[in-house]
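# Observations on the three-dimensional arrangement
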Amino acid sequence: SRLWVGGEPMRTILAWQAKPPEREGAKNIVYDIAFRPDGLQLVAAVGMRVLVYDAVEGELLNSLKGHKEAVYCVAYSHDGSRFASGGADKQVIIWTSSAEGILKYAHTEPIQTLAYNPMTHQLASATSGDFGLWSAEARSVPKHKLPSRALCCSWTNDGQHLALGLYSGVVTIRDRHRPDVEKVRIERSSPVWSLMWNPSRAEQADVLAVACWDQSVSFHQLSGKQVGKDRELGYDPCCVSYFANGEYVVVGGASRGASLWTKDGVKLTQICARDSWVWTCKPRPKANFVAVGSQDGTIAMYQLQFHTVHGLYQERYAYRDNMTDVIVQHLLTDERVRIKCRDYVQKISVYKDRLAVQLPERILIYELAQDDESSDMSYRPCERINLTGRKLKCSLLVVTAAHVTLCHEKRMQALDYRGNLVREWLLDSEVRYVKVVGGEREREGLLLGLESGGVVKVFVDNPFPVQLVKLDAAVRCLDLSASRRKLAAVDENGLVRVYNLATGAVELEETGGNSVAWNAQMEEMLCYSGNGVLSIKTANFPLHTQKLQGFVVGFSGSKIFCLHYVEMKTVDVPQSASLYQFIERQDFAGAARVANLGVTEADWRTLGAEALRALELKVARAAFVRTKDMGLLNLVRRIEAMRKVPGQDDPALLTADVLAHQGRHQEAARLYAKSGRPERAVQLYTDLRQWDEARQYAGTAGLANNAELAKRQAEWAEEVKDWRAASASYLAAGDTLRAARVLGENGAAVQLAELVHSLPTSANEELVLCAAFLRKLGALDGAR
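Everything numeric here is computed off the predicted structure, so don't read it as measured data.

### Side note on the sheet that holds strand S49 (residues 506-510)
- Strand order in the open sheet formed by four strands is S46-S47-S48-S49, with antiparallel pairing between adjacent strands. This sheet does not close on itself; its edge strands, each paired only once, are strand S46 (475-480) and S49. Across the sheet, the mean angle separating the axes of adjacent strands is 15° when strand polarity is ignored.

Pasting the structure below:
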């Protein structure tokens, strides 16, 4: 199980802060904030002015003076072309995005809240006694009575319904086409100070988050039905907003801070702490930033950094999703399973059949439902460790077969599954990296990388750490080879080193690395990433490099697992280059190990052919089994049988046989001749009917005057019915009788007559045969 150190699972950074000076004698209180939809501009209701800021840099762009009393609310249109402000002077002012006031309209009471329809330019404005719907097309603003003072309002994301939160504790929902008629009524026990519809269009139903001064947040459907129970806050909320397109909720108020919750109402973490009440908190669109406005007149912009919470063991990768769920992914099959923890997931660790999940008050231990660790993806809860009231700090969590180990700074504590502290280690420096390297059950080893550069190994059943090596800088990443004889390490300066743990020697040193991983299936192969490049080192061959974004976290066979931001990717790495390097070196055992990682069928055929030529029959057989080549498998068996026969086991002759089978005839013939068996070269070319080549070796093979070779050539010509070549070859071999028979049987009277004239008178049998054929063919002159 591999873990990465990144501090807390989420942290916030103050991006910028502004506290404008008080003007016109009005006290500066930031009552409301709104963002332009592109997220680049922020408008705020501060004192008697509307302030316009650059949302990225925090620079004040405009200070608008259109109101005569305190400004209570601001809102931006969905297309970003205009925004509106309203305040105690009972006026609503419409401004362009370039901060020019273009029109205003009035109510009879101070304006409490504003909201633009997300589908149109219609603007809702509400006061202590009524609400109005302004649109550019209408000549007047129709007003509708309310039974109590309005405090907040929000449109559904389809723009069809408007919800208003009232001081009486009522939420009244109106249809935009019949705003005078209450469609749905939700009753709470205290003033509804803030509310907002979930803006996500992916949700199956509209959900309204309601912040009430009974110190709770509740969620309701458009029908008014409550979703789940009230979420107790412990303080009066003044603002609630959806964040990250509806995945999270931001809540602020009398707690003098803002906190992050899931859309299901699970509290995650505090975003910020302020010196006074938080009246408004709004997420910046298209970015992980939240703007907070306070009672003391301060506007603060916070960046939310969501660290990846995850764990990896071989091909199983577990990661946090939606802050409260854990997804376990099989990286080879891409099969995934979701585990709903219904609480803030802070740490995750995976090891073999175990999964550990740390929540704020407990650690949950899951196990695979079946014994098959390779394919089973069904997890079931098996143990729970209660952390309530215990002073156990944890920056890194590691699970093994019977323990969980918590690392924090220099301290490591091993707990059994009942939560009992069984062992504790105090190291010389802060732990930066942890990896489980396996071992016997309840005796597993942990590989630790320290801030001081030390690399330490501890066993869960042993109180004494063992230092393996010492780096020059803090450890960034570590990995042990499959045999545990070699250690790969990357320090914070990007220096990659491979150590031989038996000798302490440095066997490899490269720069520009951020992460390293050994191939789990091959001892001689590792990879490291850095500067957008993936580097693969096989044995002592040159580095193979290719482009890669992110950093490697695992290497198995021909697949490299790479984490890029929050996404885990599987990268297929071609192994052909490494295969041919081993073949060129005549290291066929190494080549076979590479091939087993995953190469093409053509690569397997090449490996088999080269191994067979080198008489590495075990490797050749494995390759031909893979390619299902029965002919070559039979050749391997034949060579294995010949090796057992005395006199037939000459490696040179066996190699020549292989070359002949592979079609490399010239090499085979030369090797036959060199080995003192030229007759096999003659036989090879004879079988191929390559007579000229066969004659080159005939003399050396003891075939006098090549007569026997000529006779073989004649027999072949006769088989293919080339009677002219056959008769000529029989004559060359001295077999006149057979040459005459071939000519006669094929009606070659002229050639027979010529043969008769060339024969001596003593060749009675041949002459008689020729005469008989000539008579039969009607060539009487030749017969006489």
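### Describing the pattern of salt bridges
- Applying the stated criterion across every chain, the model contains 31 salt bridges.
- Arg-354 serves as the salt-bridge partner of Asp-353, at 3.7 Å between the closest nitrogen and oxygen.
- Judged by its relative accessible area of 24%, Asp-353 is partly exposed.
- The exposure class of Arg-354 is buried, given its relative accessible area of 10%.

### Side note on the nonpolar core
- Counting residues in each nonpolar core, the largest one holds 47 residues, and the members touching the most others are Val-326, Leu-355, Val-404, Met-412 and Leu-448.
- With five residues, strand S36 (residues 362-368) is the single largest residue contributor to this core.
- Those residues in contact with Leu-448 that lie beyond four places of it in its chain are Met-412, Leu-427, Tyr-433, Val-434, Gly-454, Val-455, Val-456, Val-458 and Leu-478.
- Residues Met-525, Leu-548, Ile-560 and Val-599 belong to the second largest nonpolar core, which totals 40 residues.

### A short note on the sheet that holds strand S19 (residues 192-197)
- Taking strand neighbours across the sheet as the criterion, the four strands line up as S19-S20-S21-S22 in an open arrangement whose pairing is antiparallel. In this open sheet, the two strands that pair with only one neighbour each are S19 and strand S22 (231-232).
- In terms of strand pairing, strand S20 (residues 207-212) meets strand S21 (residues 216-221) through six bridges, oriented antiparallel. Across the sheet, residue Val-210 finds its bridge partner in S21, namely Ser-218.

### Here's the deal with the packing of helix H2 (residues 588-598) against helix H3 (residues 601-613)
- Between H2 and H3, the least distance of the axes is 11 Å, while the angle of their chain directions is 165°. In terms of orientation, H2 and H3 fall into the roughly antiparallel class. The handedness of the crossing between H2 and H3 is left-handed. Contact residues: Phe-588, Ala-591, Ala-592, Ala-595 and Asn-596 in H2; Trp-604, Leu-607, Glu-610 and Ala-611 in H3.

### Considerations on the side chain of Asp-603
- When you line up the elements, Asp-603 lands in helix H3.
- Arg-605 provides the closest opposite charge to the buried, salt-bridge-free Asp-603, at an N-O distance of 8.7 Å.
- Within the structure, the side chain of Asp-603 is placed 2.8 Å from the side chain of Tyr-580, a separation counted as a polar contact.
- Every residue in contact with Asp-603, bar those within four places of it in the chain, is listed here: Ser-576, Leu-579 and Tyr-580.

Procedures and definitions
Residues numbered from 1 in each chain as written. Predicted model: local features only at pLDDT ≥ 70, side-chain atom pairs only at ≥ 80, totals over all residues. Heavy atoms only, no water. Pairing = 2+ DSSP bridges. Helix = DSSP H or I, 4+ residues; strand = E, 2+ residues; numbered from the N terminus. Axes fitted to C-alpha atoms, helices over the stretch in contact; angles between N-to-C directions. Salt bridge = Lys/Arg side-chain N within 4 Å of Asp/Glu carboxyl O. Buried < 20%, exposed > 50% of the residue type's maximum accessible area, 1.4 Å probe, protein only. Core = buried A, V, L, I, M, F, W, Y, C linked by side-chain atoms within 4.5 Å. Contact = heavy atoms within 4.5 Å. Parallel < 35°, antiparallel > 145°, perpendicular 65-115°, else oblique. Left-handed = near helix turned anticlockwise from the far one by under 90°. Lys, Arg positive; Asp, Glu negative; His and termini not counted. Polar contact = N/O pair within 3.5 Å; in protein donor to acceptor, adjacent residues only side chain to side chain.

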